[in-house]
Amino acid sequence: MPEGKEGARVNRRILVVEDETRIAEFLARGLTADGMTVEWARTGPDAVKSAGSQRYDLVLLDLVLPQLNGLAVLEHLQLDKPDLPVIVVSARGDVQTKLRAFELGARDYVEKPFSFDELLARIRVHLVKPISRASTVRVGKLELDLTTREARVGRSRAV
Ligand code: CA
């Protein structure tokens, strides 16, 4: 049973989408050493296929990929798995590409060359704090939406 640094049982599954073997292996080694399970997709279509058929907790996505580029992969993932956090890891550092990635649902963007420790820290942020729909607190009939700060009783809005 893999143990995380906090001693909690973890089985985080990370999909690494990267066509450069050297970088993919570097990422896989580091993430595995941290107790994560890593799978590797080399091409855009492989990434879309894997993400659609398997459960992952997070995707690390390169942008310049064979057959289908990373932005197109993001578009697919946004439609198929909107709750799956994607961190773009790319040598492309222009603002336009970054903005496009965020528009398409990327949660974060790390430029290559990257510091593994920084990337790991960012991965952890997205793993422990998933942006999900589960931002409501229910107390009896009262439901609080922590995102919109609305309160509801049953189906009617109270505040
Ligand atoms: Ca690449």
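Quick caveat, the model's predicted, so the values are computed rather than measured.

## A closer look at the packing of aromatic side chains
Going through the model one piece at a time under the given rule, you end up with 3 aromatic pairs. Here the aromatic rings of Phe-26 and Phe-114 are separated by 6.1 Å at their centres, their planes lie at 50 degrees, and the arrangement is tilted. Remark: Phe-114 occurs in the loop between β5 (108-111) and α5 (116-128) and Phe-26 occurs in helix α1 (residues 21-33); sequence separation between them is 88 residues. Under the relative-accessibility criterion, Phe-114 is labelled buried at 17%. Ring centres of Phe-102 and Tyr-109 lie 6.5 Å apart, and the angle between their planes is 45 degrees; on these two criteria the pair is classed as tilted. Tyr-109 gets classed as buried once you look at its relative accessible area, which sits at 8%. The rings of Phe-26, Phe-114 and Phe-116 are connected pair by pair, giving a single aromatic cluster.

## Quick look at the packing of α1 against α5
Close contact between α1 and α5 brings their axes to 11 Å; oriented N to C, the two are set at 60 degrees. Relative to α5, α1 is oriented oblique. With respect to the hand of their crossing, α1 and α5 are arranged in right-handed fashion. Counted together, Phe-26, Leu-27, Gly-30 and Leu-31 of α1 and Phe-116, Leu-119, Leu-120 and Ile-123 of α5 form the full contact between these two elements. Tallied by class, the residues present in the contact of α1 with α5 amount to 7 nonpolar, 1 polar and no charged.

## Focus: the coordination of the calcium ion
Surrounding the calcium ion are the protein donor atoms Asp-19 (OD), Asp-62 (OD) and Val-64 (O), which sit 2.1 to 2.4 Å from the metal. Binding-site remark: the calcium ion is held by donors from one chain whose sequence spacing is D-x42-D-x1-V. You can see Asp-19 sitting in the loop between β1 (13-17) and α1 and its partner Asp-62 sitting in the loop between β3 (58-61) and α3 (70-80), a full 43 residues away along the chain. Given the relative accessible area of 4%, Asp-62 is considered buried.

## Re the nonpolar core
Counting 22 residues, the largest nonpolar core has Val-17, Val-59, Leu-61 and Leu-74 as the members making the most contacts within it. Breaking this core down by element, the ones donating at least two residues are β1, α2 (44-53), β3, α3 and β4 (86-90). If one sorts the elements of this core by residue count, α3 sits on top with 4 residues. Leave out the neighbours within four places in its chain, and Val-59 touches Leu-15, Val-17, Leu-77, Leu-84, Pro-85, Val-86 and Ile-87. If you look at the next biggest cluster of nonpolar residues, it comprises 19 residues, including Ile-14, Ile-23, Leu-31 and Val-89.

## Section: the confidence of the model for the chain
Mean pLDDT over the chain: 88, with 86% of residues reaching 70 or higher. In this model, residues 1-9 is a region of pLDDT below 50 whose contacts with residues beyond four sequence positions or in other chains number 10 contacts.

The rules behind these values
- The residue numbers shown here count from 1 along each chain, following its written sequence.
- pLDDT decides what is reported in this predicted model: residues at 70 or higher carry local features, side-chain atom pairs at 80 or more are listed and counted, and totals for whole chains, interfaces and linings draw on all residues regardless.
- With hydrogens and water stripped out, all remaining heavy atoms of the structure feed into the side-chain values.
- When the centres of two rings from Phe, Tyr and Trp lie within 6.5 Å, Trp using its six-membered ring, the rings pair. Their planes under 30 degrees apart give stacked, over 60 give edge-to-face, and anything left gives tilted.
- Strands are runs of DSSP state E lasting at least two residues, helices are runs of H or I lasting at least four, and both sets are numbered from the N terminus onward.
- Think of it in three bands: residues with accessible area under 20% of the maximum for their type are buried, residues over 50% are exposed, and the middle band is partly exposed, with areas taken using a 1.4 Å probe on protein chains only.
- Angles run from 0 to 180 degrees between N-to-C directions of axes, and those axes are lines fitted to C-alpha atoms, restricted for helices to the stretch in contact.
- By the definition adopted for this analysis, an angle is roughly parallel if under 35 degrees, roughly antiparallel if over 145, roughly perpendicular if from 65 to 115, and oblique otherwise.
- Helix crossings fall into two classes, left-handed where the near helix is turned counterclockwise from the far one by less than a right angle and right-handed where it is turned clockwise.
- Two residues qualify as a contact provided that any one of their heavy atoms is within 4.5 Å of a heavy atom in the partner residue.
- Each residue gets one label: Ala, Val, Leu, Ile, Met, Phe, Trp, Tyr, Cys and Pro are nonpolar, Asp, Glu, Lys and Arg are charged, and the others, such as Gly, are polar.
- Listed donor atoms are N, O and S within 2.8 Å of the metal (Na, K and Ca: 3.2 Å). As water is not included, a site may look incomplete.
- What makes a nonpolar core is a set of buried Ala, Val, Leu, Ile, Met, Phe, Trp, Tyr and Cys residues whose side-chain atoms join them at distances within 4.5 Å.
- The quantity called pLDDT is the predictor's confidence in a given residue, expressed from 0 to 100.

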